Amino acid sequence: MEDVLGYADDHLVICTNISQLRNVVNVIKDWSNGNNLKLNEKKSGILEFSPRHGRSKSYLEIGSFVDGIPVVERYKYLGVWIDGKLSMEPQLEHIKEKSNFLVYKLWPLLRNVSLDYRMNLWTVLIRPLFEMLCGHYHYECKSNQEKLRRTIKKTFKCFTLLKKNVDDQTVEELMKYDFDLRSLKVWEEAKMKWRARKNHAVPRRTVDTAIILEKVHYPRELQELLNLVTALCPQCRTPCNAKHMSRHQIYLPTNENLLKKCSEISRNGKSEGLTRRMILIKVADYISPFVQCLKRHLSNA
Amino acid sequence: MGVLNKPCLTPYRSYVDGRSAGSTYVYNVYNNVGDVNNNYVNKEANKLSSLTKACEGNTLDGCKMKFKREQIQKVLKLKVVSWNVRSLNKLSKLKKLFEDCSDFILLQEVWQPDPDVCYLLPSSMMMKTRPKGYVGGGSMTVWNSEIISIGDSFSINQDSFISKYIIASNRFIWMSSIYINKGTKKNFLDTMASIQEVVPEEEWPLLVLSGDWNIDISALESESESDKTMKQKMKRALAVKEICRQMNLNILCPGATRKESSINFIIYGSEIKIENVISSTMSDVSDHCKWTFDIEIACPKAKNSIRIPNRKLADSFTVNSLLKAREASDFLKNIENRLRSVDMNLTKELKRKPFRKELLQRLMSTIETDEDFRSIINDYWSGKALENEMHRFSDKSRDAFDFLRRVFKYHEYNRRDGSIINKVVESNGTVIVEKEEVDKKVVEALKSIQLKMDQPYYDVHEPFPRLEEPSEEETEDLFNQLSVNKAISFDGVTDIIFGRNWREEACRKLKNLWTVMAERGSKIHQIHFDQRLLPLNKVHPQVPKPQECRPIVISSPLVKLLEVRIKRRLEKYVVEKLVCSQVGFVPGSSITVNQTRLLERVRLRTAHEDSSLRKHVFGLFIDFSNAYNTVLHHKLFEKLEKALSKEEIQLVKALYSRNRIRLGNQCFTPNVGVAQGSVISPSLFNVYCEDLYIDIMDRAVVLGRCFRVR
């Protein structure tokens, strides 16, 4: 029961040896003949899962056939790419490819809209693909977990057009997506749901405890400023951060303070009943002097 | 060269005098074709003329029909020669031109042809020259009069003209031999503007503009931007590229055509394919290359008017019928009466929105100002994006959403099925465009899956069962399970009755729907059970085969309401009794359940704590083709006995015996497959599949000893 997984017309059977595998294939063929369903052999697949470590040889050769069903290297199961080592690699590759493609295609749009619009697009288009990896993440070692988190940040920066070397803290603050917590929650929920299913019960609705995030309006200028700060000061060859620039009589807020200020203006604007557009302009008004100043400094040299 | 026929003098004279300089003359006076163009007929032409001859014996109408059908399914191929001749005054040049049999000859810079040469030209030609005394310029087109005749012609600049050519009586293209004397951006834009003026927009895909543009199109690929002349060249080339892109035209340049630069190229529309471009140097007579190419004109597109269901009318029908009714049977009667008043036809013609090519207009308006194209395009898109963002949280958010949807429609990652099928390709390669024929093919393909001769067939309608009338709360619960704003079917009932405004009233009045069905089920009009088939193209940009269609079926809200009655019962069975391996469409389960289960079960073996116990496992992923559409009804009903009562199964039977899939004039009642778009189908399929799991666990012995929890 545990080793037969069904999701509507998507079926998966986990077998522990090859004779069993053949048995199952025969049973399925018998059944499908009797019930007028046609097994689509080309789209079905057998995937051999092997232990990660150790050099045990695989029993089945990729590209060969077992009773007409091809042995594959990876398979897209319920939207996630899975390989024989259960690694996150294939899915991550897929995400990267998709994200690059989308950024390339949406370039004219992304370039012109405000920062929070870009963030929204990322949330809608890319984040769900990471959610699929919640289970994998739970079992992975520290370094692979780190790798996943890095990929998340990378695609986020890609979408928001932030430079590669914008500091992590700022990005995390903007992104507001803690994968550690999220994956744990998803994984636990899935386990709870499965327990309920086994007991033939409907799981009780989990009350979404997520704090309703305050909507902060980030204008395009913020991204510009953050990117400029990563540039090297032409005179001293160190990054143009707030601390350094004060030496050149340019007073910038630190990134942390900058974001705080943005949320403050947004909050005030909202309580005054301003429209989103007005708030955005207000925030932009606050940031653009810094941008101008930095730009002048950078081009002077 | 043989004996020349004497030409009629009038047009020739006027040309020599140059009285109306800069205008075009048609020479249609040579009735006998001289020996120059004896071989000026290619195989295709022969075929076509023999076809026309063959038809002559029949009645006129029949002949036309035959001819059209033959033509419509065929890709037309024509051979074209394009050459900048640098004065047409030598016989040797003419000889070179006519030596390959082509259907079109496009010449540029004919200057002022010699009178002797003009005698030799075939009758089917048109040319435009500069006034007398001017050396250079002019263009000429010669066509094969066997299959081509000329329609309207218009002058588009000092040296060139464009004409519509009718080919084989029912196809046409716009062809022009272009010569731009000075290849500046202004001259180019002027020429294109005149073309846009005379050629209607929907005929742009059939444009072929070939000739000497005097703009080096290869400049775009060069990298040295520093050079001033290079910059100028790049600007011009960019103008050509961008205008063509906005007009959805392609550019084909076979390589350097004059010395190093490629100033001769072909611009052609999307319905045209160009093949076999051969360029040959003619260094002894002209410094330009001559090239020959084949153009292929695609099959003409179907121009059927698209009829879509009229939602507004249907909504008003539903609401008015509901208001006037006292209970369900009244409601049905009212709806039927209203439907009769419009002849059971609730469709309206889809109005096509005229294209608005804002960007093109803005680019074309730079004739005078000479702005940079790149900045205009960038400005345009910034404006669009900003506008989109402005609209996002205003009352125009719908526009913003539509814009985004349009953007994503063309920039999706793994593109999935898109358009509704309006033409299909048969196995022998012929494309069918007539709507009735297409409908027939699609329905036939679907019939081959969903209509099995060896299965019991519904020749009579099964009676509806007598079910208890639901209480008020139960009815409300039923209504709550149905969603609104779905596509509508043939009968005038829309899901507006499930919406917030009318739900209460509908609940009260339609409570006895099941009883009404049981009492006068045979008298209920079939139209309520007709399901609208929406065939989607599985292989989107290509023309699909009839089998490559994803059938979407839309049933009436009334049917949905009838069957939702047993949804809760089915769900209860699925949760409480169904083998728990199946989690799809089970309330309270999701795909994450299966994803984590897979990980857990595999890792249990491959990542065992004790490394000596680690072993390989095999995942068998199964995919059934057309799973939902191949369910056998009688087996389904058998299997349903463990989940539902007799009356409830009878309800499904009654519905399935009446469900008729309809597309245009084609319809059939399937006897295989669960009803598409029905709210209970997923659960029905789960029940149908249950014994597969039991079989696997009993017979294949997964995991040593397997146990069943019941």
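Residues numbered from 1 in each chain as written. Chains lettered and ligands numbered in written order. Predicted model: local features only at pLDDT ≥ 70, side-chain atom pairs only at ≥ 80, totals over all residues.

> Break down the overall build of chain A for me, with residues and values.
If you tally the helices and strands in chain A, you get twelve helices and eight strands. Relative to a compact globule of 301 residues, whose C-alpha radius of gyration would be 19 Å, chain A shows 26 Å and is clearly more extended. Dimensions along the principal axes, computed over C-alpha positions, put chain A at roughly 80 × 45 × 35 Å. Expressed as a percentage of its 301 residues, the buried residues of chain A come to 32%. Contacts in chain A between residues at least 24 apart in sequence constitute 64% of all its contacts with a sequence separation of at least 6. (Helix = DSSP H or I, 4+ residues; strand = E, 2+ residues; numbered from the N terminus. Rg over C-alpha atoms; globule rule 2.2 N^0.38 Å. Buried ≥ 20, exposed ≤ 12 C-beta atoms within 10 Å, placed from the backbone. Contact = placed C-beta atoms within 7 Å.)

> So, the overall build of chain B: which residues are in play, and what are the values?
A count of helical and extended segments in chain B gives 22 helices and 22 strands. Expressed as a percentage of the 710 residues in chain B, the buried residues total 35%.

> Tell me about the packing of helix α2 (residues 89-112) of chain A against helix α11 (residues 373-392) of chain B, residues and numbers included.
In contact at an axis separation of 8 Å, α2 of chain A and α11 of chain B are set at 65° when each is read in the N-to-C sense. Looking at the two axes, α2 of chain A sits roughly perpendicular to α11 of chain B. Two packed elements cross with a definite hand, and for α2 of chain A against α11 of chain B that hand is right-handed. Where α2 of chain A approaches α11 of chain B, its residues Pro108, Leu109 and Asn112 of chain A are matched on the opposing element by Trp381, Ser382, Ala385 and Leu386 of chain B. (Axes fitted to C-alpha atoms, helices over the stretch in contact; angles between N-to-C directions. Parallel < 35°, antiparallel > 145°, perpendicular 65-115°, else oblique. Left-handed = near helix turned anticlockwise from the far one by under 90°.)

> Before we move on, can you summarise the sheet that holds strand β6 (residues 148-155) of chain B with the specific residues and values?
Residues and elements named next belong to chain B. Ordered in space as β6-β7-β8-β9-β11-β10, the six strands form an open sheet in which the pairing is mixed. What marks the edges here is a single partner per strand, and that holds for β6 and β10 (250-252). Here the strands of the sheet are splayed against their neighbours by 20° on average, with no regard to which way each runs. (Pairing = 2+ DSSP bridges.)

> For unusual backbone geometry, give the residues involved together with the corresponding values.
Most peptide bonds take the trans form, and the phi angle of most residues other than glycine is negative. Residues other than glycine seldom take positive phi values, yet Leu78 of chain A does so here, at roughly 50°. When you line up the elements, Leu78 of chain A lands in the loop between β7 (74-77) and β8 (80-83). For Leu78 of chain A, a count of 19 C-beta atoms within 10 Å gives the class partly exposed. Its identity is not glycine, yet Asn214 of chain B carries a phi of approximately 55°, on the positive side. With respect to the element layout, Asn214 of chain B can be found in the loop between β9 (207-212) and α7 (228-246).

> Explain the sheet that holds strand β21 (residues 660-663) of chain B residue by residue, including any values.
All names here are of chain B. Ordered in space as β19-β18-β21-β22, the four strands form an open sheet in which the pairing is mixed. Each edge of the open sheet carries a strand with a single partner, namely β19 (549-554) and β22 (666-668). On average, adjacent strands in this sheet sit at an angle of 30° to one another, irrespective of strand direction. Bridging between strand β18 (residues 530-537) and β19 involves six bridges; their strand directions are antiparallel. Directly across from Asn537, in β19, lies its bridge partner Cys549.

> Account for the interface of chain B and chain A, with residues named and values stated.
Interfaces are frequently sized by the accessible area removed from exposure as the parts join. Taken together, the contact between chain B and chain A spans 71 residues of the former and 78 residues of the latter. Of all the secondary structure elements, the ones that give two or more residues to the side of chain B that touches chain A are α11, α18 (567-576), α19 (591-606), β20 (617-625) and α22 (681-699) of chain B. Top contributing element to the side of chain B that touches chain A by residue count: α19 of chain B, with 14 residues. With six bridges joining them, strand β2 (residues 10-15) of chain A and β20 of chain B adopt antiparallel strand pairing. Across the sheet, the residue bridging to Val13 of chain A is Leu620 of chain B, located in β20 of chain B.

> Help me get a handle on the packing of helix α20 (residues 633-640) of chain B against α22 of chain B, residues and values and all.
All names here are of chain B. For the pair α20 and α22, interaxial distance at closest approach is 9 Å and the crossing angle is 85°. Considered as vectors, α20 and α22 are oriented roughly perpendicular to each other. Residues Leu636, Lys639 and Leu640 of α20 form the contact with α22, whose own contacting residues are Leu684, Val687 and Tyr688. Its residues assigned to classes, the contact of α20 with α22 comprises five nonpolar, no polar and one charged. (Nonpolar A, V, L, I, M, F, W, Y, C, P; charged D, E, K, R; others polar.)

> Explain the nonpolar core to me, and be specific about the residues and the numbers.
Counting residues in each nonpolar core, the largest one holds 117 residues, and the members touching the most others are Leu12, Val13, Cys15 and Val24 of chain A together with Leu620 and Ile696 of chain B. Per element, the largest residue contribution to this core is nine residues, and it comes from α22 of chain B. The next biggest cluster of nonpolar side chains, apart from the first, holds 64 residues, and it includes Val85, Val110, Ile156 and Ile195 of chain B. (Core = buried A, V, L, I, M, F, W, Y, C linked by C-beta atoms within 7 Å.)

> Break down the pairing of β18 of chain B for me, with residues and values.
Alignment of β18 of chain B against β21 of chain B, held across three bridges, turns out to be parallel. Within β21 of chain B, the residue paired with Gln531 of chain B across the bridge is Ile661 of chain B.

> Explain the confidence of the model for chain A to me, and be specific about the residues and the numbers.
Of the residues in chain A, 97% reach a pLDDT of 70 or more, and the chain-wide mean stands at 88. By mean pLDDT, the top-scoring element of chain A is helix α6 (residues 142-160) of chain A (94), and the lowest-scoring one is helix α10 (residues 242-245) of chain A (85). (pLDDT = per-residue confidence, 0-100.)

> I'd like to hear about the confidence of the model for chain B, residue by residue, with values.
All names here are of chain B. Of all residues in chain B, 85% have pLDDT values of 70 or greater, and the mean over the chain is 80. Throughout residues 1-72 the model reports pLDDT below 50, and contacts reaching past four residues in sequence, or to other chains, amount to 86 contacts. Between residues 703-710, whose pLDDT stays under 50, and residues either more than four places distant or in other chains, the model counts ten contacts.

> Just give me the short version of the environment of Arg597 of chain B, but keep the residues and values in it.
Structurally, Arg597 of chain B is set in helix α19. When the 22 C-beta atoms within 10 Å are taken as the criterion, Arg597 of chain B is described as buried.

> Which residues make up the environment of Pro122 of chain B, and what values go with them?
Mapped onto the elements of the fold, Pro122 of chain B is located in the loop between α5 (115-120) and β4 (125-128). Taking C-alpha positions, Pro122 of chain B is 9.2 Å from Ser145 of chain B, a pair spaced 23 residues apart along the chain.

> Can you explain α7 of chain B? Please cite residues and give values.
Residue and element names in this part refer to chain B. Taking 1.5 Å of rise per residue, the 19 residues of α7 would be expected to cover 27 Å, and the 27 Å separating its terminal C-alpha atoms lies within 8% of that figure. Looking only at α7, the buried set comprises Lys233, Arg236, Ala237, Ala239, Val240 and Ile243. Down the axis of α7, the sector holding all buried residues measures 145°, keeping them to one side. Where α7 is buried, its residues meet α6 (185-198), β10, α10 (358-364) and α11. Positive phi appears at Asn248, one or two residues downstream of α7, with a value of about 60°. (Expected span 1.5 Å × (residues − 1). Arc of directions from axis to C-beta.)

> With reference to specific residues and values, describe α11 of chain B.
All names here are of chain B. The terminal C-alpha atoms of α11, which comprises 20 residues, lie 29 Å apart, in line with the 28 Å expected from a rise of 1.5 Å per residue. For α11, every residue scored as buried is listed here: Ala385, Asn388, Glu389 and Arg392. Seen along its axis, α11 keeps its buried residues to an arc of 95°; they face one direction. Opposite the buried face of α11, at more than 90 degrees from it, the exposed residues are Ser375 and Gly383.

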